[in-house]
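Listed here are the chains, written in short residue letters.
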Amino acid sequence: MPWYKISNNSASKIRFYPSIESAYLDHFSQKSWSVNIKEIRLKPLNSKQLEKFLLEVLKGLEAGLKLQDVLTYISHHESRSNMALIARAIKDEISMGEEFNTCFKQLVETSLQGYCDLFIQKSTSEQLLSHLSILYEQISQLRLWVMRLQKSLIYPFFVIQLSLIIWLTSQAFSKTINLDIQNSALIYLAISLSQLLIFYLFQSSLILGLIENCFCAFRLNKLFNLLNASLKAGNHLQGALTLLPTNFNHKQIKQELLLVYYHLRLGDTYLTSFPTYWFPKESLLALKASCQSGDILRAIETASHIHKQRWQKRLNFIEKLCPLIGLGIAGIFVSKTLISIYLPLLNIE
């Protein structure tokens, strides 16, 4: 999205325009002939930066400050960061009559924009604090899962690196030909680059899409977390179902959400509309009961709790599995090192 820094005399502001021509036309129509407009690059907030930004905004709102005052504070105290420019851009857009959600979602990564529509769509000033708190809770939970997975990789990656260095050192001091040493160096470089790539993915929002596509437990846990939070934020069930597909990359879950929406629009029962595998154990009984009472919230809360427990078990299993895989890979290179050291001594050549 093109953003422009507009300077007029001693004042300046950051605004969004479709093009620099439309920006000049807008100001010339207001008789601002001495205006200077320059395009600037605003990097959208990823999940880590969005979590920090929301925390700063919430602290200010809870302290009793107005939203524009909070944004002004962030823009001044984070003067050299991208977050400061984003806070200033949102403040300038709001001062010109734009809605907070409209400009805010343009300044977060595409994969996170659906969260803005889900929780802070057309929020009043009274609702904004509550909706931003729900949004912060959801983003923090996603970040917590990613950080747990990232921490589970630190130890095995360190062990692998240590075993590779020992292996390379033994290769360098052995009487192997240069071609073998070059091949060993290429193996070390390939593994190291793979580790750096994995850490890069964890620092971006791409890892969330990969986890979503790989683990059904994560998808359903995320689905019911968002659905439950959206209903608590005041959205209707059908309205939430129309917004939820934008928060998922997995094709099957997106199609199922749309089918549920159209089933409900046609007047079908909850039991007919929702896929039964979404509601395991006692949540399925609550779903059947909702056909009589018309209250779906209990079934959604029960399913949300069950899927949260299932994902936690899967996450615990992955945390235990990663060190074992790392030790296995490290063991291969340690074995190669020991063989290269003791083979000449045993005269097995």
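Residues numbered from 1 in each chain as written. Predicted model: local features only at pLDDT ≥ 70, side-chain atom pairs only at ≥ 80, totals over all residues. Heavy atoms only, no water.

1. Quick notes on the overall build of the protein
Then comes step 1: When its secondary structure is counted, the protein shows 15 helices and 3 strands.
Then comes step 2: The globule rule puts the C-alpha radius of gyration for 349 residues at 20 Å, and the 27 Å found for the protein is more than 25% above it.
Then comes step 3: Summarising its shape, the C-alpha atoms of the protein cover approximately 90 × 65 × 35 Å along the three principal directions.
Then comes step 4: Taking all 349 residues of the protein together, the buried fraction comes to 43%. (Helix = DSSP H or I, 4+ residues; strand = E, 2+ residues; numbered from the N terminus. Rg over C-alpha atoms; globule rule 2.2 N^0.38 Å. Buried < 20%, exposed > 50% of the residue type's maximum accessible area, 1.4 Å probe, protein only.)

2. A short note on the packing of aromatic side chains
Then comes step 1: Enumeration according to the criterion identifies 14 aromatic pairs in this entry.
Then comes step 2: The interplanar angle of 85 degrees and the centroid separation of 5.3 Å between the aromatic rings of Phe224 and Phe279 together place this pair among those described as edge-to-face. Note that Phe224 is positioned in helix 10 (residues 216–232) and Phe279 in the loop between helix 13 (270–273) and helix 14 (282–293), a separation of 55 residues in sequence. In this pair, the class of Phe224 matches that of Phe279, namely buried.
Then comes step 3: For the pair Phe274 and Phe279, a centre-to-centre distance of 5.5 Å together with 85 degrees between the ring planes defines the contact as edge-to-face.
Then comes step 4: A residue is classified by how much of its surface remains accessible, and Phe279, at 1% relative accessible area, is buried.
Then comes step 5: Put simply, the rings of Phe224, Tyr270, Phe274, Trp278 and Phe279 pair up and form one aromatic cluster.
Then comes step 6: Over the aromatic face of Phe248 sits the side chain of Lys222, whose NZ or CZ is 4.8 Å from the ring centroid. (Phe/Tyr/Trp six-rings, centres within 6.5 Å; stacked < 30°, edge-to-face > 60°. Lys NZ or Arg CZ within 6 Å of the ring centre and 35° of its normal.)

3. Topic: the environment of Ala303
Then comes step 1: Mapping Ala303 onto the fold places it in helix 15 (residues 297–346).
Then comes step 2: Spatially, the C-alpha atoms of Ala303 and Ser293 are 17 Å apart, while their sequence positions differ by 10 residues.
Then comes step 3: Discounting residues that sit within four places of it in the chain, Ala303 has contacts with Phe224, Trp278, Phe279 and Ser283. (Contact = heavy atoms within 4.5 Å.)

4. Description of the packing of helix 9 (residues 206–214) against helix 10
Then comes step 1: In contact at an axis separation of 5 Å, helix 9 and helix 10 are set at 110 degrees when each is read in the N-to-C sense. On the basis of their axis angle, the class for helix 9 and helix 10 is roughly perpendicular. Contacts from Leu208, Ile211, Glu212, Asn213 and Cys214 in helix 9 reach Cys216, Phe218, Arg219 and Lys222 in helix 10.
Then comes step 2: Residue composition of the contact of helix 9 with helix 10, by class: 5 nonpolar, 1 polar and 3 charged. (Axes fitted to C-alpha atoms, helices over the stretch in contact; angles between N-to-C directions. Parallel < 35°, antiparallel > 145°, perpendicular 65-115°, else oblique. Nonpolar A, V, L, I, M, F, W, Y, C, P; charged D, E, K, R; others polar.)

5. What about the side chain of Glu256?
Then comes step 1: Looking at where Glu256 falls in the secondary structure, it is placed in helix 12 (residues 251–265).
Then comes step 2: A distance of 2.7 Å separates a polar atom in the side chain of Glu256 from a polar atom in the side chain of Tyr277.
Then comes step 3: Of note is the side chain of Glu256, whose polar atom sits 3.2 Å from the side chain of Trp278.
Then comes step 4: When near neighbours in sequence (up to four residues on either side) are disregarded, Glu256 contacts Pro275, Tyr277 and Trp278. (Polar contact = N/O pair within 3.5 Å; in protein donor to acceptor, adjacent residues only side chain to side chain.)

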